[in-house]
Amino acid sequence: MTDGFMGPPWQADWTKKAEEDRDALPEVARTLVYAARAELVTAADPYFRGIDTDRDLPAGMSVEPAQSTRPGGQHVLYFDHGRGWLRYQFTRRTTDPQLVIEECFWQ
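Please read these numbers as outputs of a predicted model, since none were measured by experiment.

Caption draft 1: Inspection of the overall build of the protein at higher detail. On a plain count of helices and strands, the protein comes out with two helices and five strands. N-terminal to C-terminal, the α/β element order of the protein is β-α-α-β-β-β-β. Scaling as 2.2 N^0.38, a compact globule of 107 residues should have a C-alpha radius of gyration of about 13 Å, and the protein matches this with 14 Å. Seen through its principal axes, the protein has C-alpha atoms that stretch 40 × 30 × 25 Å. For the protein, long-range pairs separated by at least 24 residues make up 48% of all intrachain contacts whose partners lie at least 6 apart in sequence. Working note: accessible area of the protein is about 6,300 Å², and carbon and sulfur atoms make up 51% of it. For the protein, the centre of its 12 positive side-chain charges and the centre of its 17 negative side-chain charges are spaced 3 Å apart.

Caption draft 2: Spotlight on the sheet that holds strand β4 (residues 84-91). Sheet architecture is open: five strands sit in the order β1-β5-β4-β3-β2, paired in mixed fashion. Strands at the two margins of the open sheet, each flanked by one partner only, are β1 (11-14) and β2 (62-65). Taking the axes of each pair of neighbouring strands and ignoring which way they run, one obtains an average angle of 30 degrees across the sheet. Sheet analysis places β4 next to strand β5 (residues 98-106), joined by eight bridges and oriented antiparallel. Bridging across to β5, Tyr 88 finds its partner in Ile 101. Strand contacts of helix α1 (residues 16-24): β1 and β5, with the helix running at about 45 degrees to β5, the strand carrying the most contacts.

Caption draft 3: Layout of unusual backbone geometry. In this structure, Asp 80 takes a positive phi of about 55 degrees despite not being glycine. With respect to the helices, strands and loops of the structure, Asp 80 is situated in the loop between β3 (75-79) and β4. Its identity is not glycine, yet His 81 carries a phi of approximately 55 degrees, on the positive side. With respect to the element layout, His 81 can be found in the loop between β3 and β4.

Thresholds, definitions, all that
Residues numbered from 1 in each chain as written. Predicted model: local features only at pLDDT ≥ 70, side-chain atom pairs only at ≥ 80, totals over all residues. Heavy atoms only, no water. Helix = DSSP H or I, 4+ residues; strand = E, 2+ residues; numbered from the N terminus. Rg over C-alpha atoms; globule rule 2.2 N^0.38 Å. Contact = heavy atoms within 4.5 Å. Areas by Shrake-Rupley, 256 points an atom, 1.4 Å probe, with all protein chains shown as cover. Lys, Arg positive; Asp, Glu negative; His and termini not counted. Charge placed at Lys NZ, Arg CZ, Asp CG, Glu CD. Pairing = 2+ DSSP bridges. Axes fitted to C-alpha atoms, helices over the stretch in contact; angles between N-to-C directions.

Pasting the structure below:
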């Protein structure tokens, strides 16, 4: 057990609906979803706070708050140049910080 705040890789859980939506996608889309999730769980700050903090994401991925008035709330990770997204919440706590992916979409 470590003392203090734990860092990446973060634990990521899926809501039942997001998991079902992910599993219903074609294989090519699921590969993109898994790549987006990998970027999310290994990010130093899953909310990508600050100016240009998401510049290290691969081409075609970006992150923004779901509501501009709630920068610490839900965020959206866009992938495949905006054709898909993961809407998630990050619970920052000393023991067992985790991401909860609440929506998975690809068109």
